[in-house]
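# Secondary and tertiary structure notes
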Amino acid sequence: MSTSATICNIALGHIGVTRLIASLTQTTTEAVQCNLYFETARDAVLADYAWPFATAYTALGLVAEEPSDDWLYSYRYPSDCIRVRRIVTGMGRLDTNPPAFSIGQDAQGRLIYTDQPDATIEYTVRVSDPGRFDSLFSEAMSWRMAAFLAPSLGRVQGAQNTALQMYERTLAQARSTAANEAQAAPQPESEFVRARD
């Protein structure tokens, strides 16, 4: 099970720092720097990929009909949302032409604009408990943290670039692993085949 200190200590090791931290609330230089970047790194890693452990669905709350000349509906952006992945339709993932959407805001907060009535979204949830992170996410986050920490704490030449390359490599591995843990839906027949039948 991951903890914030464990992820930070691995990140520090990636950049050649051997002084470990026990928590993000310590007053050591390492802990202060880790605390500074931890939430930003976590949210960036969550946003960069549709992590299965952080995927959720929710029906959106309608804010307005015809909020602009561009869109028929505006909905409130969920407070726990890191990134909207798609608007769900009755065809699910088989929908070859999913509804368009755009993100905006009003005085109360962020909005999702779309032409889809009664919209439901698939989105990435902000998971703040490190105990819920899967192992590949923790690994990716340690590399992302290392990239943030390298300019101020790094003791290895080129540590920031190496950390970013390893981060990208870990994301690619996560995509492959997630694909192996899911059953893909059959591809829909083309419009030509459906019309012929």
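Below: a short report on this structure. (Residues numbered from 1 in each chain as written. Predicted model: local features only at pLDDT ≥ 70, side-chain atom pairs only at ≥ 80, totals over all residues. Heavy atoms only, no water.)

### Details of the overall build of the chain
Just so we agree on the cut-off: Every helix listed is a DSSP run of H or I at least four residues long, and every strand listed is a run of E at least two residues long, numbered separately from the N terminus. Only the C-alpha atoms count toward the radius of gyration. The rule for a globule is 2.2 Å times the residue count to the power 0.38. Buried, partly exposed and exposed residues are distinguished by accessible area as a fraction of the type maximum, computed with a 1.4 Å probe on protein chains only: under 20%, between the cut-offs, and over 50%, respectively. In what follows, a contact means two residues having at least one pair of non-hydrogen atoms within 4.5 Å. Note on areas: Shrake-Rupley with a 1.4 Å probe; residue coverage comes only from the protein chains shown. Positive residues here are Lys and Arg, negative ones are Asp and Glu, while His and the chain termini are left out of the count. Every charge is mapped to an atom, namely NZ of Lys, CZ of Arg, CG of Asp or CD of Glu.
Looking only at helices and strands, one finds 5 helices and 7 strands in the chain. For the chain, the succession of helices and strands along the chain, N to C, is α-α-β-β-β-β-β-β-β-α-α-α. Its C-alpha atoms give the chain a radius of gyration of 21 Å, clearly above 16 Å, the size a compact globule of 197 residues would have. Each principal axis of the C-alpha distribution contributes one length, and for the chain these read about 65 × 45 × 30 Å. Buried positions account for 40% of the 197 residues belonging to the chain. Of all intrachain contacts in the chain linking residues separated by at least 6 positions in sequence, the fraction that spans at least 24 positions is 69%. Within the structure as shown, the chain displays about 11,400 Å² of accessible surface, and the carbon and sulfur contribution to it stands at 48%. Put simply, the chain has 16 plus and 22 minus side-chain charges, and the middle of one group is 9 Å from the middle of the other.

### Description of the packing of aromatic side chains
Our working rule: Under the pairing criterion, centres of Phe, Tyr and Trp rings, with the six-membered ring standing for Trp, must be within 6.5 Å; the plane angle then separates stacked pairs below 30 degrees from edge-to-face pairs above 60, leaving the rest tilted. Ring-over charges, as used throughout, are those where CZ of Arg or NZ of Lys falls within 6 Å of the ring centre and within 35 degrees of the ring normal.
Applying the stated criterion across every chain, the model contains 8 aromatic pairs. Among the aromatic residues, those joined into a ring-pair cluster are Tyr49, Trp51, Phe53, Phe133 and Phe137. Sitting above the plane of the Phe148 ring, Arg144 keeps its charged end 4.5 Å from the centroid. Cation over ring: Arg144 sits above Tyr167, and NZ or CZ is 5.8 Å from the ring centre.

### What about the sheet that holds strand β1 (residues 55-59)?
The condition that has to hold: By definition, two strands form a pair when at least two bridges between them are found by DSSP. Here an angle of 0 to 180 degrees is reported between the N-to-C directions of two axes, which are lines fitted to C-alpha atoms, with helices fitted over the stretch in contact.
Spatial strand order, β1-β7-β4: 3 strands in an open sheet with antiparallel pairing. Each end of this open sheet is capped by a strand with a single partner; those strands are β1 and β4 (81-88). Here the average twist between neighbouring strands, direction ignored, is 30°. Here β1 runs beside strand β7 (residues 120-125); their pairing, made up of 5 bridges, is antiparallel. Along β7, the bridge assignment pairs Ala59 with Thr120. Sitting on the sheet, helix α2 (residues 29-48) is in contact with β4 and β7, with an inclination near 15° to β4.

### Brief notes about unusual backbone geometry
One non-glycine residue, Glu66, lies in positive phi territory at about 50°. In this structure Glu66 comes out as exposed when scored by relative accessible area, which is 62%. Its identity as a non-glycine residue notwithstanding, Asp118 has a phi of 50°, on the positive side. You can see Asp118 is positioned in the loop between β6 (109-114) and β7.

### Details of the side chain of Arg86
Using the following cut-off: Counting of polar contacts relies on pairs of N or O atoms within 3.5 Å, with two restrictions inside protein: one atom must be capable of donating a hydrogen and the other of accepting it, and residues adjacent in sequence are counted only when both atoms are side-chain atoms.
Looking at the element boundaries, Arg86 is found in strand β4. A polar side-chain atom of Arg86 sits 2.5 Å from a polar atom in the side chain of Glu122. Ignoring anything within four residues of it in the chain, the contact list for Arg86 reads Tyr57, Gly92, Arg93, Phe101, Thr120, Ile121 and Glu122.

### A short note on helix α3 (residues 135-153)
Counted only if it meets this: Note that bend, as reported per residue, equals the angle between axes fitted to the 7 residues terminating at that residue and the 7 residues originating from it.
Helix geometry: α3 is bent most strongly at Ala147, by close to 30°, with proline Pro151 lying one to four residues after it. Along α3, 15 of the 19 residues are buried, which leaves the element largely enclosed by surrounding structure.

### A few points about the side chain of Gln33
Take Gln33: it is sitting in helix α2. A distance of 3.0 Å separates the side chain of Gln33 from the side chain of Ser152, its partner in a polar contact.

### Remarks on the environment of Arg155
Considering the arrangement of structural elements, one finds Arg155 in the loop between α3 and α4 (159-180). In this structure Arg155 comes out as exposed when scored by relative accessible area, which is 58%. Once the C-alpha coordinates of Arg155 and Tyr167 are considered, the two residues, 12 residues apart in sequence, prove to be 19 Å apart. Beyond its immediate chain neighbours, meaning those up to four positions away, Arg155 contacts Ile15, Gly16 and Val17.

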